[in-house]
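Spelled out from the first residue to the last, the chains are:
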Amino acid sequence: MKALHTQLSFELKRFKASKESIETLFIGGGTPSTVAPELYTPIFELLKPYMQKEAEITTEANPNSATRTWLKGMKDIGVNRVSFGVQSFDENKLKALNRAHTPKQAKDAVMVAKELGFEHLSIDLIYNYQGDTKTLLLNDIEQAFKLPIDHISAYELTIEDGTKFSTTPEVRQEDENLAFFVSEEIEKRGFNAYEISNFGKYQSKHNKGYWELKNYIGAGSGAVGFLKDRRFYPNTDIEAYINNPLHITEELLSSDELLTEKIFLGLRSIIGLEKSMLTEEMQQRIEILCQEKKLKCDNKHYYNNNFFLSDELALFLLG
Ligand SMILES: C[S@@+](CC[C@H](N)C(=O)[O-])C[C@H]1O[C@@H](n2cnc3c(N)ncnc32)[C@H](O)[C@@H]1O
């Protein structure tokens, strides 16, 4: 936490943060609920002058470690949104995904957070695990909608190199139909898709910030920061990070790379694309997509209405 404080102090200067300029804060990447709220206090004190009054402040939490005391402590220091890593309400699926909580713990944690008065609550679900069927996923969605949440993130299982699952890639199934099924069932119940994996009555400002390529400080081992045309990578080895939190690798992005990112992110979400940022050739190609009704178009903007086609549409546009 001291190393985090050191890096944040440095980043506030590098980003030339001014009074009340920070719109959102997200505590995540790992298990913030294993860290006592008091340990966050110095960090909140440091950031306070730079935070907008109405800032969205999210913490991720694991249902098994987010106790009432922990949640209350986080609420007291200013957190107003909790995103629970629920993944499923099916006991066997949770075990297979190596999750430490039970379906009951997940439901209880959300109810306690509601009782404590957090403004926004979200849960994460995972689909396309090998045991997933429409029946199982429908049950996950129905259980989710019984809870007082205003947001769901539904992620397709991905197998990451270096994780336990990389030795058993067969745990992931490829079933496009389930992706459509999950998003339709969530939308049917009144949560709008505002990105390929995100649905809500409330749209997280923090999430949207990434897709709009706003600047963000990334503090902590394994975090990533972004400023205009540069990415910052603090040390991913936690011991090394603690020893030197200011050892940060930089990557410079070319204007082509930035445009490619804007296109991919804009088409995966409700952010869309602005005509003025596209090259002449892209403007010609995108007209074809408008004529084919693949995008919603006005004179200045293009919006995708099927996020599952976003990669194909982006590749077509990039030529
Ligand atoms: C990306 S964050 C979630 C941010 C949150 N949804 C929000 O809107 O504030 C962490 C989540 O990533 C998802 N995740 C972790 N590992 C995954 C994997 N291998 N495949 C797919 N999703 C994964 C889990 O659902 C986990 O709870």
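This one's a predicted model, so the numbers in the text were calculated from it and none came from an experiment.

Caption draft 1: Broad picture of the site of the ligand. Taken together, 16 residues surround the ligand, and among them Glu 60, Gln 87, Asp 124, Ser 153 and Thr 158 come closest. Side-chain polar atom of Arg 81 to an oxygen atom of the ligand: 3.1 Å apart, as the coordinates give it. At 2.6 Å, a side-chain N or O of Gln 87 approaches an oxygen atom of the ligand. Residue classes in the shell around the ligand are distributed as four nonpolar, eight polar and four charged.

Caption draft 2: Region of interest: the domain arrangement of the protein chain. As assigned here, the protein chain comprises domain 1 (18-211) and domain 2 (255-318). The distance between the C-alpha centroids of domain 1 and domain 2 comes to 29 Å. Taken together, the contact between domain 1 and domain 2 spans 12 residues of the former and nine residues of the latter. The largest per-residue losses of area from domain 1 upon contact with domain 2 belong to Phe 180, Ile 196 and Trp 211, which jointly make up 54% of the total buried on that side. At the junction of domain 1 with domain 2, the criterion picks out one salt bridge. With a closest N to O distance of 3.9 Å, Arg 268 and Glu 195 form a salt bridge. The tally of links between domain 1 and domain 2 comes to two residue pairs in polar contact (both at pLDDT 80 or more). For the side of domain 1 that touches domain 2, the elements supplying multiple residues, two or more each, are α7 (176-188), β6 (192-195) and α8 (205-211). In terms of residue class, the side of domain 1 that touches domain 2 is built from eight nonpolar, two polar and two charged.

Caption draft 3: Spatial organisation of the sheet that holds strand β8 (residues 225-227). Strand order in the open sheet formed by three strands is β8-β9-β10, with antiparallel pairing between adjacent strands. Unpaired on one side and paired on the other, β8 and β10 (248-252) mark the two borders of the sheet. On average, each strand axis in the sheet is inclined to that of its neighbour by 25°, with strand direction left out of account. Relative to β10, strand β9 (residues 230-234) is paired through five bridges, and the arrangement is antiparallel.

Caption draft 4: Main features of the sheet that holds strand β5 (residues 151-156). If you walk across this open sheet you meet the seven strands as β1-β2-β3-β4-β5-β7-β6, and the pairing is mixed. Because the sheet does not close on itself, it has two edges, and the strands there are β1 (22-27) and β6. Neighbour-to-neighbour, the strand axes of the sheet open up by a mean angle of 25°, direction not taken into account. Two elements, β5 and strand β7 (residues 198-200), share three bridges in a ladder whose sense is antiparallel. The residue of β7 that forms the bridge with Ile 152 is Phe 199.

Caption draft 5: Expanded view of the nonpolar core. Among the nonpolar cores identified, the biggest contains 51 residues, and Leu 71, Phe 84, Ile 123 and Ile 149 are the most heavily contacted of them. No other element matches helix α5 (residues 103-116), which puts six residues into this core. By size, the runner-up hydrophobic cluster in this structure holds 14 residues, among which are Leu 273, Leu 278, Met 282 and Leu 313.

Caption draft 6: Focus on the pattern of salt bridges. This model, assessed by the stated rule, comprises 21 salt bridges. One salt bridge connects Arg 189 with Glu 142, and the closest N-O pair in it is separated by 3.7 Å. In this pair, Arg 189 is assigned in the loop between α7 and β6 and Glu 142 in helix α6 (residues 134-145), connecting sequence segments 47 residues apart. The closest approach of N and O atoms between Glu 185 and Lys 188, which form a salt bridge, is 2.8 Å. On the criterion of helical spacing, the pair formed by Glu 185 and Lys 188 is a turn pair, its members being three residues apart in helix α7.

Caption draft 7: How the structure looks around the packing of aromatic side chains. What the rule picks out here adds up to six aromatic pairs. Relative to Phe 191, the ring of Phe 145 lies with its centre 4.6 Å away and its plane at 55°, an arrangement referred to as tilted. Placement of Phe 145 in helix α6 and of Phe 191 in the loop between α7 and β6 is noted, with a sequence separation of 46 residues between them. Judged by relative accessible area, Phe 191 falls into the buried class, the value being 3%. Here Tyr 210 and Tyr 216 contribute two aromatic rings whose centre-to-centre distance is 4.8 Å and whose plane-to-plane angle is 90°, an arrangement assigned as edge-to-face. Exposure remark for Tyr 210: the relative accessible area of 32% places this residue in the partly exposed category. The rings of Tyr 210, Tyr 216 and Phe 226 are connected pair by pair, giving a single aromatic cluster.

Caption draft 8: Highlighting the environment of Cys 290. Tracing the chain through its elements places Cys 290 in helix α11 (residues 280-291). The buried category is assigned to Cys 290, whose relative accessible area is 14%. In this structure, the C-alpha to C-alpha distance between Cys 290 and Phe 44, residues 246 residues apart in sequence, is 46 Å. Excluding residues that lie within four positions of it along the chain, Cys 290 makes contacts with Leu 295, Cys 297 and Tyr 302.

The rules behind each value
Residues numbered from 1 in each chain as written. Predicted model: local features only at pLDDT ≥ 70, side-chain atom pairs only at ≥ 80, totals over all residues. Heavy atoms only, no water. Near = heavy atom within 4 Å. Polar contact = N/O pair within 3.5 Å; in protein donor to acceptor, adjacent residues only side chain to side chain. Nonpolar A, V, L, I, M, F, W, Y, C, P; charged D, E, K, R; others polar. Domains from an automatic or database assignment. Contact = heavy atoms within 4.5 Å. Buried area = accessible area lost by both parts, 1.4 Å probe. Salt bridge = Lys/Arg side-chain N within 4 Å of Asp/Glu carboxyl O. Helix = DSSP H or I, 4+ residues; strand = E, 2+ residues; numbered from the N terminus. Pairing = 2+ DSSP bridges. Axes fitted to C-alpha atoms, helices over the stretch in contact; angles between N-to-C directions. Core = buried A, V, L, I, M, F, W, Y, C linked by side-chain atoms within 4.5 Å. Buried < 20%, exposed > 50% of the residue type's maximum accessible area, 1.4 Å probe, protein only. Phe/Tyr/Trp six-rings, centres within 6.5 Å; stacked < 30°, edge-to-face > 60°.

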